[in-house]
Amino acid sequence: MSESCQSAIVLSVDRWGARWLGPYGNSWLETPFLNHFASQAFICEHAIIDSPSLIDVYQSYWQGCHAAQADTSTGRSFFQPLSDKSVQTVLITDETQVSSHPLAQHFEHCHTLQLSENSGCCESVDETEIGQFMASTVSILDELQPPFFLWIHSRGMSGNWDAPYEMRAALASEDDPPPPETTEVPDCVLPVNHDPDELLGMSYAYAGQIRLLDQWFGELLTAIEEKNFGQLLTVVTSPRGFPLGEHRRVGSAEQALYGELLQVPLMIRSSDRKGALCRSQALIQPVDLFSTIGDWFGLEPIVAVAQGQSLLSDLVQIDRVRRNRAASVLGTERALRTPAWFLRVPGEGQAGQPDGVSVCQPELFVKPEDGIEVNNVADRCPDIVGAMLQVLDAFEEDLHQQVDQISELSEVLEFGMD
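The text that follows walks through the structure, step by step, so that each part is easy to find. (Residues numbered from 1 in each chain as written. Predicted model: local features only at pLDDT ≥ 70, side-chain atom pairs only at ≥ 80, totals over all residues. Heavy atoms only, no water.)

1. Let's talk about empty space enclosed by the protein
Inference 1: In total, this model carries six cavities of 30 Å³ or more according to the counting rule given.
Inference 2: In this model, the second largest cavity occupies a volume close to 80 Å³.
Inference 3: Considering the residues around the second largest cavity, the lining is formed by A47, I48, I49, Y61, T237, S238, V264, L266, I284, Q285, P286 and L289.
Inference 4: Going through the elements one at a time, β2 (42-48) and α9 (286-296) are the ones with two or more residues in the lining of the second largest cavity.
Inference 5: In terms of residue class, the lining of the second largest cavity is built from nine nonpolar, three polar and no charged. (1 Å grid on protein atoms, 1.4 Å probe; cavity = no way out; pocket = protein on both sides within 12 Å on 5 of 7 lines; lining within 4 Å. Points joined across faces, edges and corners; volume = space filled by probe spheres on them. Helix = DSSP H or I, 4+ residues; strand = E, 2+ residues; numbered from the N terminus. Nonpolar A, V, L, I, M, F, W, Y, C, P; charged D, E, K, R; others polar.)

Dropping the structure here:
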């Protein structure tokens, strides 16, 4: 990859679930600006975070250390190599967990935005927290000159849901009760006999925020295109999803490692539009984005191949073999995804359901058929559970040992059962 005056922008929006976006199959919520970007981008169908902890996932993004690694103190970041190449590094965020991250201090410029919080739905999109954030971001962007590396982190859907009320109300049908007017982000475990209309109202409020974000995303795209930065890599992603009733969890309540929390959007647009409209079925994790950024700027590989690999070669020719497993951790809870299976291992004191018996029994789901993990087949496939546990243990051990080799998966874990 040529190193001449190359720049990169990463837009990371918190709690932006992939299943709510048009490019990932959502057909009832219109996101025209995101759809336009996706038409020019390489789309990762299965981007899976390694932890829903912002501290851990940003350690992976910025240092290439998977969340399952016991010791990240020896990890290297790309900040000094970028500085050696005179690449300006800039961070824009409204999230204190990100701005106070130990690695954030390595950015040359860190803009921590203080936004006006709204206690109710706003009259105009400009007054919203996302509107304030994007307007400030566009202003900062206007001052940048290549080469630069700009990381933008927005609280997104973890901030107040303050989009104009009509943006959520317009989604409801005539027979639906009106959506709630509150801007407070829901965070709860639903009872077994919960009111489905209440959950539907939460969904409309969340969707209204996505419509707001899409509108402002269009403003950001326009600003980027008007600047004509030359060789520019633009990445759109999220550090974690937002459960909205799947497994009866809403928001961050009892964060359980299921797909609605772990699967996030990841779209990569290069200035020459290589890979546009291509969809990778590989299992991608945050450390792969770390390696991709380094590759784009022509840096020497920093992490072991088994830890993370650049996605740039996939823009030309998709490699479906290299990435066939993805692991996630949160405390003592673990999860493993292969092309054919998803294994969740509850942590100590956890159970499969919020009010279930506190027994740490693994759960197993067939992929890709069981998209939202509703049919636990662990009891019927004990051999698969055992094999998946072995792969998960080996994956974590390889991370600790910095192994530069990827072991083969068995056919049944890769392709499933006949």
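2. A few points about the side chain of Q59
Inference 1: Tracing the backbone shows Q59 in helix α2 (residues 54-63).
Inference 2: At a separation of 2.5 Å, a polar atom in the side chain of Q59 contacts the side chain of Q63. (Polar contact = N/O pair within 3.5 Å; in protein donor to acceptor, adjacent residues only side chain to side chain.)

3. Points about helix α7 (residues 196-227)
Every α-helix carries 3.6 residues per turn, so stepping three or four residues along brings you back to the same face.
Inference 1: For α7, spanning 32 residues, the distance from its first C-alpha to its last is 47 Å, which sits close to the expected 46 Å at 1.5 Å a residue.
Inference 2: Taking the backbone nitrogen of D197 as reference, a side-chain oxygen 3.0 Å away marks D195 as the first, capping residue of α7.
Inference 3: Trailing α7 by a residue or two, N228 shows a phi angle of about 50 degrees, which is positive. (Expected span 1.5 Å × (residues − 1).)

4. Notes on the sheet that holds strand β14 (residues 341-345)
Inference 1: Ordered by their spatial adjacency, four strands build an open sheet running β12-β13-β14-β15, and the pairing between neighbours is antiparallel. Every interior strand has two partners, whereas the edge strands, β12 (326-330) and β15 (363-366), have only one. Going across the sheet, the axis of each strand differs from the next one's by a mean of 10 degrees, ignoring polarity. (Pairing = 2+ DSSP bridges. Axes fitted to C-alpha atoms, helices over the stretch in contact; angles between N-to-C directions.)

5. A look at the nonpolar core
Inference 1: Counting 55 residues, the largest nonpolar core has W16, L141, L150 and M267 as its most contacted members.
Inference 2: Of all the elements in the fold, those that place two or more residues in this core are β1 (7-13), α1 (32-38), β3 (88-93), α5 (129-141), β5 (148-154), α7 and β7 (232-237).
Inference 3: At 15 residues, the largest contribution of residues to this core is made by α7.
Inference 4: With residues up to four places along the chain from it excluded, the contact list for L141 reads I9, L150, L220, A223, I224, K227 and F229. (Core = buried A, V, L, I, M, F, W, Y, C linked by side-chain atoms within 4.5 Å. Buried < 20%, exposed > 50% of the residue type's maximum accessible area, 1.4 Å probe, protein only. Contact = heavy atoms within 4.5 Å.)

6. Details of the environment of A276
Inference 1: Summarising the element assignment, A276 is placed in the loop between β10 (266-269) and β11 (279-284).
Inference 2: Taking the relative accessible area as the measure of exposure, A276 reaches 27% and is therefore partly exposed.
Inference 3: Spatially, the C-alpha atom of A276 lies 24 Å from that of A326, the residues being 50 residues apart in sequence.
Inference 4: Setting aside residues no more than four positions away along its own chain, A276 makes contact with S39, Q40 and A41.

7. As for α5
Inference 1: For α5, spanning 13 residues, the distance from its first C-alpha to its last is 18 Å, which sits close to the expected 18 Å at 1.5 Å a residue.
Inference 2: If you check which residues of α5 are buried, you get E129, I130, G131, Q132, F133, M134, T137, I140 and L141.

8. Describing the packing of α5 against α7
Inference 1: Closest axis-to-axis distance for the α5/α7 pair is 10 Å, and the angle between their directions is 10 degrees. In this view, α5 runs roughly parallel relative to α7, as classed from their interaxial angle. Judged by residue contacts, I130, G131, M134, A135, T137, V138 and L141 of α5 engage Q209, L212, L213, W216, E219, L220, A223, I224 and K227 from α7.
Inference 2: Residues that form the contact of α5 with α7 fall into these classes: 11 nonpolar, three polar and two charged. (Parallel < 35°, antiparallel > 145°, perpendicular 65-115°, else oblique.)

9. As for the packing of α2 against α9
Inference 1: One way to put it is that α2 packs onto α9 with a least axis distance of 7 Å and a crossing angle of 25 degrees. When the axes of α2 and α9 are compared, the pair comes out roughly parallel. Our pair here, α2 against α9, has a crossing hand that is right-handed. Facing V57, S60, Y61, W62 and Q63 of α2, the residues of α9 in contact are P286, V287, L289 and F290.
Inference 2: Looking at side-chain class alone, the contact of α2 with α9 contains seven nonpolar, two polar and no charged residues. (Left-handed = near helix turned anticlockwise from the far one by under 90°.)

10. Let's talk about the layout of surface pockets
Inference 1: In this structure, the largest pocket occupies an estimated 290 Å³ of space.
Inference 2: R19, H46, Q263, R337 and G371 are the residues nearest the centre of the largest pocket, which is lined by 16 residues in total.
Inference 3: Secondary-structure elements contributing two or more residues to the lining of the largest pocket are β2 and α8 (259-262).
Inference 4: In terms of residue count, the dominant contributor to the lining of the largest pocket is β2 (three residues).
Inference 5: Tallied by class, the residues present in the lining of the largest pocket amount to seven nonpolar, four polar and five charged.

11. What about the environment of D195?
Inference 1: Note that D195 resides in the loop between β6 (188-189) and α7.
Inference 2: At 3.0 Å, the side chain of D195 forms a polar contact with the backbone nitrogen of D197.

12. Some words on the pattern of salt bridges
Inference 1: Taken as a whole and assessed by the stated rule, the structure comprises 15 salt bridges.
Inference 2: The partner of R279 in a salt bridge is E45, with the nearest N and O atoms 2.9 Å apart. You can see R279 sitting in strand β11 and its partner E45 sitting in strand β2, a full 234 residues away along the chain.
Inference 3: Judged by its relative accessible area of 33%, R279 falls in the partly exposed class.
Inference 4: Taken together, the shared-partner salt bridges connect R19, E260, K367 and E373 into one network. (Salt bridge = Lys/Arg side-chain N within 4 Å of Asp/Glu carboxyl O.)

13. A short note on unusual backbone geometry
Inference 1: Residue P147 is reached from P146 by a cis peptide bond, and omega for that bond is 0 degrees.
Inference 2: Structurally, the position occupied by P147 is in the loop between α5 and β5.
Inference 3: Cis geometry marks the peptide bond from K367 to P368; its omega dihedral reads 0 degrees.
Inference 4: Located in the positive-phi region is R273, a residue other than glycine, with phi close to 60 degrees.
Inference 5: Structurally, R273 can be placed in the loop between β10 and β11.
Inference 6: Overall, R273 belongs to the partly exposed group, its relative accessible area being 33%.
Inference 7: Look at E373: it is not a glycine, yet its phi comes out positive at around 50 degrees.
Inference 8: Mapping E373 onto the fold places it in the loop between β15 and α10 (382-401).

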